Amino acid sequence: MDVLVLIGRILFVLVFLPSGVQHLVQSKAMGGYAASKGIPAPVAATVLSGLVLIAGGLSVLLGIWADLGALLLAAFLFPTAVLMHDFWKETDPGARQTETIMFLKDVGLGGAALMLLAFFSYAGHDLGLTLTGPLFHIG
């Protein structure tokens, strides 16, 4: 089971780590998109979200308080789904479809992050291949 969880963690964070780097490297361009969605201090918000993505992704990947990392990712994903992928405001059918897919992707990944939070918090030190145990304890 330990190896399967490790493989799952690696595959899960493949979405977040490159995206976090892009948030930092292309903060002005991505900040422009955030501004178009009405996000206050869009460049700063882009940089902050990039740091959250990288911290959460590395935490889950390395198993360093992986429950906290999963919580950070969920805290990023749910607001992002609502604020950045507001498909209900789109009038163009193609744009509406794209934003709907992105919204559902973020909500689905947020749900997976919540499951990881519960999993790591409950499993504690019984789950191998992590560098630390959980920060939170559910049980």
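In what follows, the accompanying structure is described.

The rules we used
- Residue positions are counted from 1 within each chain, in the order its sequence is given.
- Where totals are concerned, whole chains, interfaces and linings use all residues; where local detail is concerned, this predicted model gives features only for residues with pLDDT of at least 70, and gives and counts side-chain atom pairs only at 80 or more.
- Side-chain numbers come from the whole structure's heavy atoms, not from hydrogens or water.
- What goes into a patch is any residue over 30% in relative accessible area without a salt bridge, connected to like charges within 9 Å or, for nonpolar side chains (Val, Leu, Ile, Met, Phe, Trp, Tyr), within 5 Å.
- Values of accessible area rely on a 1.4 Å probe in the Shrake-Rupley scheme; residue burial ignores everything except the protein chains shown.
- By definition here, a salt bridge exists when the distance from a side-chain nitrogen of Lys or Arg to a carboxyl oxygen of Asp or Glu is within 4 Å.
- Strands here are runs of E lasting at least two residues and helices are runs of H or I lasting at least four, both read from the DSSP assignment and numbered beginning at the N terminus.
- Between N-to-C directions, angles cover 0 to 180 degrees, with each direction set by a line fitted to C-alpha atoms, over the stretch in contact for helices.
- What makes a crossing left-handed is the near helix being turned counterclockwise from the far one by less than a right angle; a clockwise turn instead makes it right-handed.
- Any two residues whose heavy atoms approach within 4.5 Å at even a single point are treated as in contact.
- Throughout, the ten residues Ala, Val, Leu, Ile, Met, Phe, Trp, Tyr, Cys and Pro are labelled nonpolar, Asp, Glu, Lys and Arg are labelled charged, and all others, Gly among them, are labelled polar.
- Note on angle classes: values under 35 degrees are labelled roughly parallel, values over 145 roughly antiparallel, values of 65 to 115 roughly perpendicular, and the remainder oblique.

### Quick look at a nonpolar patch on the surface
Here is step 1 of the chain: Taken together, the side chains of L58, L62, I64, W65, L71, L131, L135 and F136 present a nonpolar region at the surface, about 670 Å² in accessible area.
Here is step 2 of the chain: Tracing the backbone through its elements, the reader meets L58 in helix α4 (residues 42-62).

### Things to note about the packing of α4 against helix α5 (residues 66-84)
Here is step 1 of the chain: Packing of α4 against α5 leaves a shortest axis separation of 7 Å and a crossing angle of 145 degrees. Remark: the crossing between α4 and α5 carries left-handed chirality. Here S49, V52, L53, A55, G56, G57, S59 and V60 of α4 come into contact with α5, specifically with A66, G69, A70, L72, L73 and F76.
Here is step 2 of the chain: Residues that form the contact of α4 with α5 fall into these classes: nine nonpolar, five polar and no charged.

### Regarding the side chain of D106
Here is step 1 of the chain: Inspection of the secondary structure assignment puts D106 in helix α6 (residues 93-123).
Here is step 2 of the chain: Every residue in contact with D106, bar those within four places of it in the chain, is listed here: L77, T80, A81 and H85.

### As for the packing of helix α2 (residues 16-25) against α4
Here is step 1 of the chain: Where α2 contacts α4, the axes come no closer than 8 Å and their chain directions differ by 155 degrees. It follows that α2 is roughly antiparallel to α4 by the angle criterion. In the packing of α2 onto α4, the handedness of the crossing is left-handed. Counted together, F16, L17, S19, G20, V21, H23 and L24 of α2 and T46, V47, S49, G50, L51, L53, I54, G57, L58 and L61 of α4 form the full contact between these two elements.
Here is step 2 of the chain: Tallied by class, residues from the contact of α2 with α4 come to ten nonpolar, seven polar and no charged.

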